[in-house]
Amino acid sequence: AQSVTQLDSQVPVFEEAPVELRCNYSSSVSVYLFWYVQYPNQGLQLLLKYLSGSTLVKGINGFEAEFNKSQTSFHLRKPSVHISDTAEYFCAVKPRAAGNKLTFGGGTRVLVKP
Amino acid sequence: EAQVTQNPRYLITVTGKKLTVTCSQNMNHEYMSWYRQDPGLGLRQIYYSMNVEVTDKGDVPEGYKVSRKEKRNFPLILESPSPNQTSLYFCASSFTGQLGYGYTFGSGTRLTVV
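In this report, we go over the structure that sits alongside the text. Remember, predicted model here, so these are calculated numbers, not experimental data.

1. Remarks on unusual backbone geometry
Of the consecutive residues Asn7(B) and Pro8(B), the connecting peptide bond is found in the cis state with omega at -5 degrees. Within the secondary structure, Pro8(B) is located in the loop between β1 (4–7) and β2 (10–13). The phi torsion at Glu16(A) lies on the positive side, around 75 degrees, for a residue other than glycine. Residue Glu16(A) is classed as exposed on the basis of its relative accessible area of 63%. The backbone of Glu53(B) sits at a positive phi, close to 65 degrees, despite the residue not being glycine. Mapped onto the fold, Glu53(B) is located in the loop between β5 (42–51) and β6 (54–57).

Okay, structure coming up:
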């Protein structure tokens, strides 16, 4: 079984400041890793994913994430946020070998202030 | 346009009155799943289906039923809704297999049971 912990439930940040959202996971098998974003009153949209290769993954809207296998982490970063980045962000994992189940963290709500 | 369509978007009902939330995808995905989203808990899987006539329980199946008679449709049935099923529900679909596909999500159904 897998579990995902997002260490911050809410992150207030000023516009044009950097932001980091922390994600740690636990799994007995190798996993793929994902970050999804949910804008107010909308569904989930894929930001980026780590499948293999370079541990630094770039996604849409200027976001990037770094996979750290030894620390079982997949933190999401953006160097300069905009008001439009106000949303809830979810980290998720999926087993590589079998099954299709995505296991999600509890979410991090980002509020960008002017 | 490739999409997952859920209906209705919003639903208010009374305790015990059977309801169905529909989900349809046009991407020929084998795998479909239902999640519920609750504050601080992220998304938790209710049921999933690996293909037509193949369904199985997720992490929180109590009080829900599903069916998969056609590949494109995966309705969620609440036979006797209770207030603790008030939540935001998402349907999702993907291809199966070992490739690191993420999910395509519907826009969500906000259900209130009074």
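2. As for the interface of chain A and chain B
Each partner contributes residues to the interface: chain A has 21 residues there, and chain B has 26 residues. Summing both sides of the interface, chain A and chain B together bury roughly 1700 Å²; the carbon and sulfur share of this comes to 47%. Run the count over chain A and chain B and you get one salt bridge. Between chain A and chain B we count six residue pairs in polar contact (both at pLDDT 80 or more) in total.

3. Here's the deal with the sheet that holds strand β8 (residues 76–78) of chain B
With antiparallel pairing, the four strands of this open sheet are ordered in space as β1-β3-β8-β7 (chain B). Because the sheet does not close on itself, it has two edges, and the strands there are β1 and β7 (65–66) of chain B.

4. Description of the packing of aromatic side chains
Evaluation of the coordinates by the stated rule reveals 16 aromatic pairs over all chains. Between Tyr64(B) and Tyr89(B), the aromatic rings sit 5.9 Å apart at their centres with planes inclined by 65 degrees, giving edge-to-face as the arrangement. Within this pair, whereas Tyr64(B) is found in the loop between β6 and β7, its partner Tyr89(B) is found in strand β9 (residues 87–94), the two being separated by 25 residues in sequence. There is no split in this pair, since Tyr64(B) and Tyr89(B) are both buried. Here the aromatic rings of Tyr103(B) and Phe105(B) are separated by 5.8 Å at their centres, their planes lie at 45 degrees, and the arrangement is tilted. Comparing Tyr103(B) with Phe105(B) shows no difference in burial state: the two are buried. Aromatic ring contacts, followed pair by pair, group Phe34(A), Tyr36(A), Phe90(A), Phe104(A), Tyr31(B), Tyr35(B), Tyr48(B), Phe90(B), Tyr103(B) and Phe105(B) into a single cluster.

5. Here we look at a nonpolar patch on the surface
Together, Ile12(B), Val14(B) and Val114(B) make up an exposed nonpolar region whose accessible area comes to about 310 Å². Along the chain, Ile12(B) falls in strand β2.

What counts and what doesn't
Residues numbered from 1 in each chain as written. Chains lettered and ligands numbered in written order. Predicted model: local features only at pLDDT ≥ 70, side-chain atom pairs only at ≥ 80, totals over all residues. Heavy atoms only, no water. Helix = DSSP H or I, 4+ residues; strand = E, 2+ residues; numbered from the N terminus. Buried < 20%, exposed > 50% of the residue type's maximum accessible area, 1.4 Å probe, protein only. Contact = heavy atoms within 4.5 Å. Buried area = accessible area lost by both parts, 1.4 Å probe. Salt bridge = Lys/Arg side-chain N within 4 Å of Asp/Glu carboxyl O. Polar contact = N/O pair within 3.5 Å; in protein donor to acceptor, adjacent residues only side chain to side chain. Pairing = 2+ DSSP bridges. Phe/Tyr/Trp six-rings, centres within 6.5 Å; stacked < 30°, edge-to-face > 60°. Patch = residues over 30% accessible without salt bridge, like charges linked within 9 Å, V, L, I, M, F, W, Y side chains within 5 Å. Areas by Shrake-Rupley, 256 points an atom, 1.4 Å probe, with all protein chains shown as cover.

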